[in-house]
Amino acid sequence: MGFLFCCIHLFFLIIRPQDWGAPWLAPLRPVLICQMLAVALTGLEILSGKIKMPDLKNPWWVMINGLFLAVLLSHASHFYFAGLQSAYNDFLKIYLTFVVIWLNINSLRKLEIFTFFFMGMCLFVAVHCILMVHTGFGFGGQEPMMRAIRSGGETIGVVKQAWYYGTFNDPNDAAQLLTVGLPLAAYFTFRYKNVFAFLFGLLPVGTLVYAVYLTQSRGGYLSMAIAFAVAFRKFLTVRQFIIASAFGVAALVLFLPSRFGAKILDQSMTERVAFWGEANYAFKTSPIFGVGYKMVTDYIDKDRATHNAYVQAYADLGVFGYIFWFGFVAFSFFAAWRIGDLKPEDEDDKSLVLWAKCIVPSLAGMYASSYFLSRTYQMSLFVVWAMVGGLYLIVSQKLGENEMNRHCGFSRKHIKIWPILSACSVVFIYISIIFVNQFK
């Protein structure tokens with residue numbers, strides 16, 4: 001039952017009928033109710049022994065608990081107790097959602113059901129985007145966003161951009177969600193290997209690709225390109241990868257959205273680079289514990305968002321918190337990649353390895369678009385991490401937790417790699433901002 005309410009909770013998080021189809025649901029707070037039921041029922045299943053609690057040394061426990069502590073310390077270190085209380089209440093929802101989904105995805109069957117459910121919701125959003133652009137209205141009567149294309153201070157055109165409701169009420173956020181769903185849609189095609197599975201997988205993939213295109217999101221387009229590139233590398237031989245990459249570059253040139261025709265660093269990008277610089281200045285004022293959870297906007301002109309999840313993470317939480325946040329980023333990708341390299345012994349193992357191979361390009365695309373989006377604490381990000389964590393749990397049951405940790409680089413011998421990698425990523429991002437700034 002806990003798993004069922006995890007799925008229902010995800011439905012209200014992404015589809016959000018309370019925003020467009022059934023506004024009378026909003027006062028009932030369906031997201032909170034479903035979350036509490038999922039937590040309560042999962043707790044009962046843990047007490048009854050149906051769900052086994054992982055060891056506290058499990059990497060996913062280490063990262064989520066460390067991140068929660070960092071969120072609290074980011075305000076406690078400044079003796080800002082009102083902010084501490086607010087941060088606790090806000091991040092607790094993320095924490096509980098991550099934990100209950102992670103613990104409930106403890107079998108291949110549940111992993112596949114949750115994947116199918118997640119993919120279905122991505123497809124729903126994609127259909128909404130397509131209807132919005134081609135008919136003028138999406139579900140609930142939502143109209144497309146009209147954005148002017150500027151070059152040299154002059155408007156040279158206007159484009160329609162598809163978007164959605166709630167946390168995806170921006171073309172970039174909608175594109176990011178759809179990109180995550182792309183490789184997962186392909187999973188069922190490779191999983192069953194028949195005509196019906198091929199058609200069932202091909203149609204959603206084509207729909208999602210087209211919907212991403214209609215968002216006219218440069219970050220989303222980059223995200224999709226990287227997801228395809230990583231998928232080619234993961235599934236194809238080197239020779240096939242080179243050929244596929246050549247066709248991919250040709251497709252990019254042919255179908256590049258009109259917004260790419262403007263100057264590389266237009267007004268929007270110029271502003272973002274300025275925001276990144278202001279966030280870096282804030283980081284320098286408090287590099288250990290950060291300026292406070294969701295507080296970096298106070299250091300940016302007109303309280304604008306940073307438009308870079310990585311910059312916001314280390315500016316908000318400091319190096320201490322960024323180690324755990326970036327740990328999620330890096331470890332989830334590396335663990336999925338390593339699981340995808342395992343040699344399967346039976347049909348279930350083949351499915352787990354295949355799912356790992358499919359989630360790798362999803363993560364790559366999501367991380368690429370995060371460079372241009374300040375969705376550091378977006379719930380969908382933690383949902384995807386919880387799915388990877390569930391995969392890690394399932395494979396650990398077969399290999400043993402210690403062996404699994406060694407295989408994925410989380411043993412005592414290798415654990416120091418992750419803090420070093422996090423620190424190196426801060427330097428890399430800082431240098432990349434200087435590089436991008438040269439295009440002004």
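This structure is a prediction, so every number in the text was calculated from the model and none was measured. Starting afresh in each chain, residues are numbered from 1 along the sequence in its written order. In keeping with the model being predicted, local features are shown solely for residues with a pLDDT of at least 70 and side-chain atom pairs are shown and tallied solely at 80 or more, while totals for entire chains, interfaces and linings include all residues. Hydrogens are left out, water is left out, and the side-chain values use all remaining heavy atoms of the structure.

(A) Representation of the overall build of the protein in the model. A count of helices and strands for the protein gives 16 helices and 2 strands. Across the 440 residues in the protein, those meeting the buried criterion constitute 53%. Excluding contacts between residues fewer than 6 apart, the proportion of contacts in the protein whose partners are at least 24 apart in sequence is 76%. With the model as given, the accessible surface of the protein reaches about 19,900 Å², and the carbon-plus-sulfur share is 67%. Segments assigned H or I by DSSP are reported as helices when at least four residues long, segments assigned E as strands when at least two residues long, and all are numbered from the N terminus. Only protein chains enter the accessibility calculation, which uses a 1.4 Å probe. A residue is then buried if its area is under 20% of the maximum for its type, exposed if over 50%, and partly exposed in between. The contact criterion used throughout is that any non-hydrogen atoms of two residues lie within 4.5 Å. Each accessible area value is a Shrake-Rupley result obtained with a 1.4 Å probe; residue values ignore everything except the protein chains displayed when judging cover.

(B) Layout of the pattern of salt bridges. By convention in these notes, a salt bridge is any Lys or Arg side-chain nitrogen within 4 Å of a carboxyl oxygen on Asp or Glu. This structure, assessed with the given rule, holds 6 salt bridges. Between D19 and R16 there is a salt bridge; the shortest N-O distance is 2.5 Å. With relative accessibility at 18%, the residue R16 sits in the buried group. Taking the shortest distance from any N to any O, the salt bridge between D173 and R375 comes out at 2.7 Å. Of this pair, D173 sits in helix 7 (residues 171-192) while R375 sits in the loop between helix 13 (347-370) and helix 14 (379-399), placing them 202 residues apart in sequence. The exposure class assigned to D173 is buried, which follows from its relative accessible area of 0%.

(C) Region of interest: the environment of L373. Along the chain, the position of L373 falls in the loop between helix 13 and helix 14. The exposure class assigned to L373 is buried, which follows from its relative accessible area of 5%. Between the C-alpha atom of L373 and that of N172, which follows or precedes it by 201 residues, the distance is 7.5 Å. Residues contacting L373, with those up to four places away along its chain left out, are N172, D173, Q176, H307, N308 and A309.

(D) Spotlight on unusual backbone geometry. Phi is positive for R29, which is not a glycine, with a value near 50 degrees. Structurally, the position occupied by R29 is in the loop between helix 2 (17-20) and helix 3 (30-48). Since its relative accessible area comes to 48%, R29 is described here as partly exposed. Of note, the phi angle at H307 is positive, near 60 degrees, even though the residue is not glycine. Within the fold, H307 resides in the loop between helix 11 (267-285) and helix 12 (309-340).

(E) Inspection of the nonpolar core at higher detail. We call a set of buried Ala, Val, Leu, Ile, Met, Phe, Trp, Tyr and Cys residues a nonpolar core when their side-chain atoms join them within 4.5 Å. The biggest cluster of nonpolar side chains holds 126 residues, and the ones touching the most others in it are F91, F118, W325 and W385. When near neighbours in sequence (up to four residues on either side) are disregarded, F118 contacts L10, I14, L177, V180, L184, V383 and V384.

(F) Molecular detail of the side chain of Q18. Assignment of secondary structure puts Q18 in helix 2. Counted as a polar contact is a pair of N or O atoms within 3.5 Å, where, for protein atoms, one must be capable of donating a hydrogen and the other of accepting one, and residues adjacent in sequence contribute only when both atoms are in side chains. A polar contact is formed between the side chain of Q18 and the backbone oxygen of F12, at a distance of 3.4 Å. Not counting the four nearest positions on each side in its chain, Q18 is found in contact with F12, P23, L25, A26, P30 and V31.

(G) Geometry of the layout of surface pockets. Within this model, the second largest pocket holds a volume of roughly 690 Å³. The wall of the second largest pocket is formed by 29 residues, among which L13, R16, T167, Y377 and M379 lie closest to the centre. Elements that contribute at least two residues to the lining of the second largest pocket include exactly helix 1 (2-14), helix 2, helix 3, helix 5 (81-104) and helix 14. Three classes are used, and their members are as follows: Ala, Val, Leu, Ile, Met, Phe, Trp, Tyr, Cys and Pro are nonpolar, Asp, Glu, Lys and Arg are charged, and the others, Gly among them, are polar. Classifying every residue of the lining of the second largest pocket gives 12 nonpolar, 10 polar and 7 charged. Think of a 1 Å grid over the protein atoms and nothing else: a 1.4 Å probe that fits but is trapped marks a cavity, an open set flanked by protein within 12 Å on at least five of seven lines marks a pocket, and residues with an atom within 4 Å of a point count as lining. Grid points are joined across faces, edges and corners, and a volume is the space filled by probe spheres set on the points.

(H) Inspection of helix 5 at higher detail. Multiply 1.5 Å by the residue count of a helix minus one, and that product is the helix's expected span. When the terminal C-alpha atoms of helix 5 are compared, their 34 Å separation across 24 residues agrees well with the 34 Å that a helix rising 1.5 Å per residue should span. The bend reported for a residue corresponds to the angle between axes fitted to the seven residues ending at that residue and the seven starting there. Of all the bends in helix 5, the largest measures some 25 degrees and sits at F91.

(I) Highlighting the side chain of K110. With respect to the element layout, K110 can be found in helix 6 (residues 108-135). No salt bridge is formed by the buried K110, whose closest oppositely charged neighbour, E45, lies at an N-O distance of 4.9 Å. Not counting the four nearest positions on each side in its chain, K110 is found in contact with F3, N104 and I105. For this count, His and the chain ends are skipped, Lys and Arg are scored as positive, and Asp and Glu as negative.

(J) Structural context of the packing of helix 5 against helix 14. Under this scheme, a helix contributes an axis fitted over its contacting stretch, all axes are lines through C-alpha atoms, and angles between N-to-C directions fall in the 0 to 180 degree range. Closest axis-to-axis distance for the helix 5/helix 14 pair is 8 Å, and the angle between their directions is 30 degrees. In terms of orientation, helix 5 and helix 14 fall into the roughly parallel class. Once helix 5 is placed against helix 14, the crossing between them reads as right-handed. Residues F91, K93, I94, T97, F98, I101 and W102 of helix 5 pack against M379, F382, V383, W385, A386, G389, G390 and L393 of helix 14. Of the residues that constitute the contact of helix 5 with helix 14, the class distribution is 11 nonpolar, 3 polar and 1 charged. The scheme is simple: roughly parallel for angles under 35 degrees, roughly antiparallel for over 145, roughly perpendicular for 65 to 115, oblique for anything else. Crossing handedness is defined as follows: a turn of the near helix away from the far one that is anticlockwise and smaller than a right angle gives a left-handed crossing, while the clockwise case is right-handed.

(K) Structural detail: a nonpolar patch on the surface. Only residues whose relative accessible area exceeds 30% and that form no salt bridge enter a patch; like-charged residues are grouped when within 9 Å of one another, and nonpolar side chains (Val, Leu, Ile, Met, Phe, Trp, Tyr) when within 5 Å. On the surface, a nonpolar cluster with roughly 420 Å² of combined accessible area is contributed by W24, L28, I33 and L37. With respect to the helices and strands, L37 occurs in helix 3.

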